[in-house]
Amino acid sequence: MGAICHEDLSLSPRRTNFASCQDLRFSKHVHDNVHGNIYLDPLALKFIDTEQFQRKVDCSFLFAYLFNVMLLIALNYFSHYRLRDLKQLGMTHMVYPGAMHSRFEHSLGVYCLAGESVQQFKKYQGLELGIDAFDIQTVKLAGLLHDVGHGPFSHLFEREFLPCVHSGSKWSHEQMSLKMVDYIVDEHHIDVDSGMIKKVKEMIVASSEFALPKGTREKRFLYDIVANGRNGIDVDKFDYIVRDCRACGVGCNFEFQRLMETMRVLDDEICYRAKDYLSVHKLFYTRADLYRTVYTHPKVKAIELMIVDALLKANSFLEISSAVEDPCDYWKLDDTIIKSIEIAPDQELKESKDLILRIRRRNLYQFCNEYAVPKDKLEHFKDVTAQDIVCSQKNGGVILKEEDVAVSNVRIDLTRGRSNPLERYLKYDTFLLILDSSFAFILINFFKDYESEEKFTIPDDRISHLLPTCYQDMIVRVYSKKPELVGAISEAFENFQLKTYGLKAQVHSTPEKKKRRV
């Protein structure tokens, strides 16, 4: 990334503004523990050096109405940085202590890899693809800004907290990123081409439901670099998979460098060498393994359930959810809201503070048991609720209430739900049609060698018969919010399984020691 552009910049007036952005002499560099030196060009720095990207905000301003004068004086010493104060993995550091890295580091990493990717295409196919300095700068900015609208505690905020506050909420951090980009440009009067910002925003949402139809995009392959809606292989995953594995101390046998060094554009689509087929599989399986062992670790989910409850109990007083409507308020919201609640003197926050204190003292919601939904039941599976468990309790003993039970429905897949990520899908307006694998349609195209201009797909059975036939796990976990109710909830959970599936789908019964814990 960052190599000097050798094209004739004088051919287009708009390109003259980007010459310095491609010259390392005009760049600053930071040393990243994953990618080494990352060179930050002048335009990128205009976005990075803002309080909205860094998210520098005075806590006393955000919660001024909550605290007395002495507390406000203390808080004036705690200015903080939002992307720096948004942990990439939310509360995972409570189980994996090394998982302290932030969205800030990840954003710089994606910026770096996005730049390297488009420079790779320019180096070998620049004339053929018509890649210019404008394209390079646009892709790099999209990588830098793709998470600028992310909420606190990883995906917990938008997937678990907001839906509880606003039933049926369609809010997404990708959409908020678009609003944040416009807000930063306007607030800081950043001199940037409006056409570039338009494309940056389109690239940010390219893998979401808000993506533009493919026919409306020029140089569509550029939109697949940061957020690949075509097959899920993008530099966002390249960075977070390697970064998360390193931070958590788990193994990673996926090497994104191999794919980046050999990828090629054919018919406006990024394709990979046929010999790298298994490297593509490793990408998706490493991601799935991270979900199972790290992101959805039972203790991590217990803490997340408690954080959601703490935020819900504080929301009526702090109006946390109202911040998502306006970027002017939203950028001041980050993970430090927990500390702000914790030290607030207000009685209205007592229940939230008690939950946070329980987390600090490791008095967590107790994991009772779990089961994997049988494969033949996945298609029509509906999320299990606390009500389902309570209604499965037999007469006698303690009477359970819904507020005593917490349920986590964990979906783990290879990025395409129940389907092979390498199977092609066709989109018809509001529904998704998955073609039968016997048609051998594949989302990811490959090429034989660099002398060949033909792209082709590779069915699984041409590679290995050891590859799976199912590509999704659905795990139902049940927790007790009170230690003394573990036995009763575990029994009700078993009854639910018998009633629903005719058998106990869990691997083993809840240990008696856990049932007796008080």
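Residues numbered from 1 in each chain as written. Predicted model: local features only at pLDDT ≥ 70, side-chain atom pairs only at ≥ 80, totals over all residues. Heavy atoms only, no water.

Engineer: In this structure, what is going on with the sheet that holds strand β13 (residues 472-480)? I would like to understand it.
Structural biologist: Sheets are built from strands that pair by backbone hydrogen bonding, the pairs being arranged parallel or antiparallel. Pairing in this open sheet of 3 strands is antiparallel, and the strands run β7-β13-β8 from one edge to the other. Two strands bound the open sheet, and with one partner strand each, they are β7 (366-372) and β8 (405-413). Put simply, the sheet's adjacent strands are angled 20° from each other on average, direction ignored. Both β8 and β13 contribute to a ladder of 9 bridges, which runs antiparallel. Across the sheet, residue Val-405 finds its bridge partner in β13, namely Ser-480. In the packing of helix α12 (residues 277-295) onto the sheet, the strands contacted are β8 and β13, and the crossing angle to β8 comes to about 170°. Packing against the sheet, helix α18 (residues 486-501) makes contact with β7, β8 and β13, and its axis sits at approximately 15° to β7. (Pairing = 2+ DSSP bridges. Helix = DSSP H or I, 4+ residues; strand = E, 2+ residues; numbered from the N terminus. Axes fitted to C-alpha atoms, helices over the stretch in contact; angles between N-to-C directions. Contact = heavy atoms within 4.5 Å.)

Engineer: Even after reading the chapter, I still don't get a positive patch on the surface, so can you show me in this structure?
Structural biologist: The grouping of Lys-299, Arg-362, Lys-513, Arg-516 and Arg-517 at the surface amounts to a positive patch. Inspection of the secondary structure puts Lys-299 in helix α13 (residues 298-318). (Patch = residues over 30% accessible without salt bridge, like charges linked within 9 Å, V, L, I, M, F, W, Y side chains within 5 Å. Areas by Shrake-Rupley, 256 points an atom, 1.4 Å probe, with all protein chains shown as cover. Salt bridge = Lys/Arg side-chain N within 4 Å of Asp/Glu carboxyl O. Lys, Arg positive; Asp, Glu negative; His and termini not counted. Charge placed at Lys NZ, Arg CZ, Asp CG, Glu CD.)

Engineer: Explain the pairing of strand β2 (residues 36-40) here, please?
Structural biologist: Note on strand geometry: in a regular strand, side chains alternate between the two faces of the sheet. Pairing of strand β1 (residues 28-32) with β2, which is carried by 5 bridges, proceeds in the antiparallel orientation. Residue pairing in the sheet places Asp-32 in a bridge with Gly-36 of β2. From the end of β1 to the start of β2, which pair antiparallel, there are 3 residues.

Engineer: How should the nonpolar core be read in this particular structure?
Structural biologist: Within soluble globular proteins, side chains that are nonpolar generally end up buried alongside one another. Grouped together as the largest cluster of nonpolar side chains are 121 residues, with contacts concentrated most on Phe-47, Leu-144, Ile-225, Phe-238 and Leu-311. Apart from the residues within four sequence positions on either side, Ile-225 is in contact with Ala-114, Ser-117, Val-118, Phe-121, Val-139, Asp-234, Val-235 and Ile-270. (Core = buried A, V, L, I, M, F, W, Y, C linked by side-chain atoms within 4.5 Å. Buried < 20%, exposed > 50% of the residue type's maximum accessible area, 1.4 Å probe, protein only.)

Engineer: How should I be thinking about the pattern of salt bridges in this particular structure?
Structural biologist: It is possible for side chains of opposite charge to pair when their charged atoms get near one another. Following the criterion strictly, the structure yields 27 salt bridges and no others. For Lys-237, the salt bridge goes to Asp-234, with nearest N and O atoms at 3.7 Å. In this pair, the class of Lys-237 matches that of Asp-234, namely buried. A single network of salt bridges, built from pairs that share partners, joins Asp-224, Arg-230, Glu-269 and Lys-455.

Engineer: Help me understand the environment of Arg-273 in this model?
Structural biologist: Looking at where Arg-273 falls in the secondary structure, it is placed in strand β6 (residues 269-273). The sequence separation of Arg-273 and Thr-262 amounts to 11 residues, and the corresponding C-alpha distance is 6.7 Å.

Engineer: Which parts of the structure should I look at to understand the packing of aromatic side chains?
Structural biologist: Two measures describe an aromatic ring pair: the distance that separates the ring centres and the angle between the ring planes. A full pass over the atoms with the stated rule returns 13 aromatic pairs. Plain terms: the ring middles of Phe-121 and Phe-221 are 5.8 Å apart, the flat faces sit at 85° to each other, and that makes the pair edge-to-face. Placement of the pair is Phe-121 in helix α5 (residues 103-129) and Phe-221 in the loop between α9 (194-204) and α10 (235-248), with a sequence separation of 100 residues. Three or more aromatic residues link up through ring pairs in this structure, and these residues are Phe-157, Phe-161, Trp-171 and Tyr-330. (Phe/Tyr/Trp six-rings, centres within 6.5 Å; stacked < 30°, edge-to-face > 60°.)

What is shown is where atoms sit, not what they do.
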